[in-house]
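Geometric and topological summary
So you can see what is in the structure, the chains are spelled out below.
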Amino acid sequence: MKIVDKVLVQKNTIKHQLRRGHIMIILIISLCIFIPTVFIEYRQMINHQKEEMTNYLDAQSYFFESWLMERSKAIYTIANVDFVQGYQFEQTQTFFQDFKKHSVFTDLVFVNKEGKVQFDTVTAYHQNGVGMDVSNRDYFQAAKNMNEQTITDVLISRVTNEPIIAFASPILDAQQQFNGVIFGTVNFATIDKLLNESRVGFQGHAYIVNHDGTLLTDLDAKKEHVDTLLFAQNIDDRILTIAQANALPSPLNTYKDAQGQWVLAKSKAINQGKWYMISEVHLLEAYTPLIKRFGLLAICILVGTFLTIQIMVLLTRRMEEPIQQLLQGVAKVQQGNYDYQINEIQLARYAKEFQELCLSFNDMSTKVKEDTILLKELSVTCQLTKLYNRRYLIEQGEHVFQNCKNEKNHCSCIAIDIDFFKNINDTYGHLIGDEVLKHVASIIKESVRRKDITTRYGGEEFVILSPTTSVESAVKIAERIRRNIEEFPFQMGEQFIHLTVSVGIAEFANDNDILNFYDLIDKADQALYVAKDSGRNRLKIYDGVNNVAIN
């Protein structure tokens, strides 16, 4: 029976428990690593993809908005050229042709104030737009009625029958009155080319649609660019609805694109909210790095598990002793022995992690000790004046008083109250009142002896407990404090606040009626009240049973 018990005890050691449970522990750790890692990696991938698409959209939209503004500014500049405003058609037409050759505009058009096309720069078609009436166009009405520049939505050119975007600016005469319109047109192929040329470092693709879903650029960014997109196409209403709903900062959306493939998508409003730039990336393309990382993580966990099992068998033989050292240290700290330190030299032959753990434990023990001291100090100290508080006086006062009583020594108590302190608060405010308290506390601290217990008893009242001190010595201390406070007023800038205090003193002697520490404080307090009732800025001494003598 003893042999069986011995075997069972041996099997219950840390070493044997680790050996029996290491496989389960490794499996649990592996799952605890794998599952959160999968979740974290997935969230990071989504956040990275969102950030990348957001940055791409911000950069593209900024570039595109700048491009729109530059084109609009170019038309505005043309409309304000002197010979254009002066209806010098021959010079203006030559200027239009030259300007068009060095710009992205497919056509530059001069419209007179009646809304008739005076001339344009179209040369590739059998007929141009001369004489056409465009007075019903929105851009003409905006220029005529409000003298505003306009970037139109999708228009179908009456000359080329192609979808275009027009940049229009009013012509103003010398009196700043409406005198016609200059507009330049850009076809979709130009916008598509612009968007593709500005695409840098983004694995997905982007395209632009207007508010009714008409494509302004090609859906397939990888397709070879063509010079002209013959007809405007529309995207699916479902995609347009998602784009309109999520044009503001939003999470990524997942849906099937025009080719029926699942994509991650994000959109942003551009051109004053009239158009939308949509960025899409295929799910498989986005998830490929994540799948690779998951595969690598799984392989690492399998290999690590196998190696850990082998190493665990070896390490468990050397784990029991340092663990016992740590457990002993923890027990010591739990018992309140914060000075306990683990001998690091004894653990030098063990693994570095155990040495670091011992260092951490020792640091923790030191920190707990320091924090305990600090907390104790905070609990007995007035944070405003840095004097001891009432709690400390009560805790230590009884002990000091009892020692004096047992040794038949004198023990004096000095109660101090700032005169008219409420008036200071009412006149200068509580912040100045706090500074006055600190000023008085500083004078009191400098005026007492090292063995005196100086406390802020409450409000503007201070109490000093002076062990082994006769009433004559207490009077000297109190008078020194009263005189120093009166002679050294509180300075606030160039203004001085003169202060006085009233003082009450009580002395314990074996032949008087003070029986305990609380009686001593009470008698000093009675003397203080008499000092205040007698005119303040004076000192009163308690003498005899219920009798206060005036000093």
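Summarised in this report is the structure supplied together with it. (Residues numbered from 1 in each chain as written. Predicted model: local features only at pLDDT ≥ 70, side-chain atom pairs only at ≥ 80, totals over all residues. Heavy atoms only, no water.)

The subject of this paragraph is the overall build of the protein chain. Looking only at helices and strands, the protein chain features 15 helices and 18 strands. Intrachain contacts of the protein chain at a sequence separation of at least 6 include 61% that bridge at least 24 residues. (Helix = DSSP H or I, 4+ residues; strand = E, 2+ residues; numbered from the N terminus. Contact = heavy atoms within 4.5 Å.)

Bringing the packing of helix H13 (residues 430–447) against helix H14 (residues 471–487) into the picture now. The N-to-C vectors of H13 and H14 enclose an angle of 140°; their axes lie 9 Å apart at closest approach. Judged on the interaxial angle alone, H14 and H13 are oblique. The handedness of the crossing between H13 and H14 comes out as right-handed. Only Ile477, Arg480, Ile481, Asn484 and Ile485 of H14 make contact with H13, whose side of the interface consists of Val440, Ile443, Ile444 and Ser447. Across the contact of H13 with H14, the residue classes break down as six nonpolar, two polar and one charged. (Axes fitted to C-alpha atoms, helices over the stretch in contact; angles between N-to-C directions. Parallel < 35°, antiparallel > 145°, perpendicular 65-115°, else oblique. Left-handed = near helix turned anticlockwise from the far one by under 90°. Nonpolar A, V, L, I, M, F, W, Y, C, P; charged D, E, K, R; others polar.)

Leaving glycine out, the prevailing phi sign among residues is negative, and the prevailing peptide bond configuration is trans. One non-glycine residue, tyrosine 87, adopts positive backbone phi at about 60°. Examined against the element boundaries, tyrosine 87 turns out to sit in the loop between helix H3 (82–85) and helix H4 (89–101). Non-glycine residue glutamine 176 carries a positive phi angle of around 60°. Within the element layout of this structure, glutamine 176 appears in the loop between strand E5 (163–172) and strand E6 (178–187). In this structure glutamine 176 comes out as exposed when scored by relative accessible area, which is 51%. (Buried < 20%, exposed > 50% of the residue type's maximum accessible area, 1.4 Å probe, protein only.)

What follows concerns the sheet that holds strand E9 (residues 262–270). Sheet architecture is open: four strands sit in the order E7-E10-E9-E8, paired in antiparallel fashion. Edge positions in the sheet fall to strand E7 (205–210) and strand E8 (253–256), since each has one partner strand and no second. Along the sheet, successive strands turn relative to each other by an average axial angle of 40°, direction set aside. Where E9 meets strand E10 (residues 275–282), eight bridges bridge the pair, whose relative direction is antiparallel. Bridging across to E10, serine 267 finds its partner in isoleucine 278. Relative to the sheet, helix H7 (residues 237–245) contacts E7, E8, E9 and E10, its axis offset from that of E8 by approximately 170°. (Pairing = 2+ DSSP bridges.)

So, on to the pattern of salt bridges. Taken as a whole and judged by the stated rule, the model has 11 salt bridges. In this structure, the salt-bridge partner of lysine 116 is aspartate 133, at a minimum N-O distance of 3.9 Å. Taken together, the positions of lysine 116 in the loop between strand E1 (107–111) and strand E2 (117–119) and aspartate 133 in the loop between E2 and helix H5 (138–146) put the pair 17 residues apart, joining distant regions of the chain. Close ionic contact of arginine 449 with aspartate 452 constitutes a salt bridge, the shortest N to O distance being 2.9 Å. For arginine 449, a relative accessible area of 28% translates into the label partly exposed. (Salt bridge = Lys/Arg side-chain N within 4 Å of Asp/Glu carboxyl O.)

Attention now goes to the pairing of strand E17 (residues 539–542). Here E17 shows two buried faces, one formed by Leu539 and Ile541 and the other by Lys540 and Tyr542. With three bridges connecting them, strand E16 (residues 501–508) and E17 associate as parallel partners. Following the sheet pairing, isoleucine 505 is matched in E17 by isoleucine 541.

Moving on, we get to a nonpolar patch on the surface. On the surface, Ile299, Val303, Phe306, Leu307 and Ile311 cluster together into a nonpolar patch covering about 490 Å² of accessible area. As for its position among the elements, phenylalanine 306 is in helix H8 (residues 283–315). (Patch = residues over 30% accessible without salt bridge, like charges linked within 9 Å, V, L, I, M, F, W, Y side chains within 5 Å. Areas by Shrake-Rupley, 256 points an atom, 1.4 Å probe, with all protein chains shown as cover.)

The subject of this paragraph is the packing of helix H12 (residues 421–428) against H13. The contact between H12 and H13 brings their axes to 7 Å, and the two run at 140°. The angle between the axes of H12 and H13 places the two elements in the oblique class. Mapping the contact onto sequence places Phe421, Ile424, Asn425 and Tyr428 in H12 and His430, Ile432, Gly433, Val436 and Leu437 in H13. Taken together, the residues that form the contact of H12 with H13 break down as six nonpolar, three polar and no charged.

Moving on, we come to the environment of asparagine 425. Relative to the helices and strands, asparagine 425 resides in helix H12. Asparagine 425 sits 11 residues away from valine 436 along the chain, and the two C-alpha atoms are 9.6 Å apart.

With 10 of 10 residues buried, E5 is to be regarded as a mostly interior element. Pairing analysis gives two bridges linking strand E3 (residues 150–151) to E5, with the strands arranged antiparallel. In the strand pairing of E5, threonine 150 is matched with alanine 168. Linkage of strand E4 (residues 155–156) to E5, two consecutive antiparallel strands, is achieved through a turn of six residues, within which asparagine 161 is found at a positive phi near 60°. Alignment of E5 against E6, held across eight bridges, turns out to be antiparallel. Bridge pairing links proline 170 to valine 181 in E6. What sits between the antiparallel neighbours E5 and E6 is a turn of five residues, in which glutamine 176 has the positive phi angle 60°.

Turn by turn, an α-helix covers 3.6 residues, leaving residues three or four places apart pointing in a common direction. Where burial is concerned, most of helix H6 (residues 188–197) is hidden: seven out of the 10 residues are buried. Every buried residue of H6 is listed here: Phe188, Ala189, Thr190, Ile191, Asp192, Leu194 and Leu195.

This part covers H7. Three or more residues of H7 are buried, namely Ile239, Leu240, Ile242 and Ala243. The arc enclosing the buried residues of H7, seen along the axis, measures out at 160°, which places them on a common side. For H7, the exposed residues set more than 90 degrees away from the buried face come down to Asp237 and Ala245. Buried-residue contacts for H7 involve E7, E8, E9 and E10. (Arc of directions from axis to C-beta.)

One pass over the full model with this rule turns up 19 aromatic pairs. Relative to tryptophan 275, the ring of phenylalanine 64 lies with its centre 6.1 Å away and its plane at 50°, an arrangement referred to as tilted. Taken as a pair, phenylalanine 64 in helix H2 (residues 14–79) and tryptophan 275 in strand E10 lie far apart in primary sequence, 211 residues in all. With a relative accessible area of 1%, phenylalanine 64 lands in the buried category. For tryptophan 275, a relative accessible area of 0% gives the class buried. With 5.5 Å between their ring centres and 85° between their planes, phenylalanine 140 and phenylalanine 178 make a pair best called edge-to-face. Within this pair, whereas phenylalanine 140 is found in helix H5, its partner phenylalanine 178 is found in strand E6, the two being separated by 38 residues in sequence. Taking NZ or CZ as reference, arginine 536 lies 4.4 Å from the ring centre of phenylalanine 420, over its face. (Phe/Tyr/Trp six-rings, centres within 6.5 Å; stacked < 30°, edge-to-face > 60°. Lys NZ or Arg CZ within 6 Å of the ring centre and 35° of its normal.)

By the secondary structure assignment, threonine 92 is in helix H4. Threonine 92 sits in the buried class, given a relative accessible area of 0%. Only 3.3 Å separates the side chain of threonine 92 from the backbone oxygen of phenylalanine 83, close enough to count as a polar contact. Those residues within four positions of threonine 92 in sequence are excluded, and the remaining contacts are Phe83, Val84, Phe110 and Phe119. (Polar contact = N/O pair within 3.5 Å; in protein donor to acceptor, adjacent residues only side chain to side chain.)

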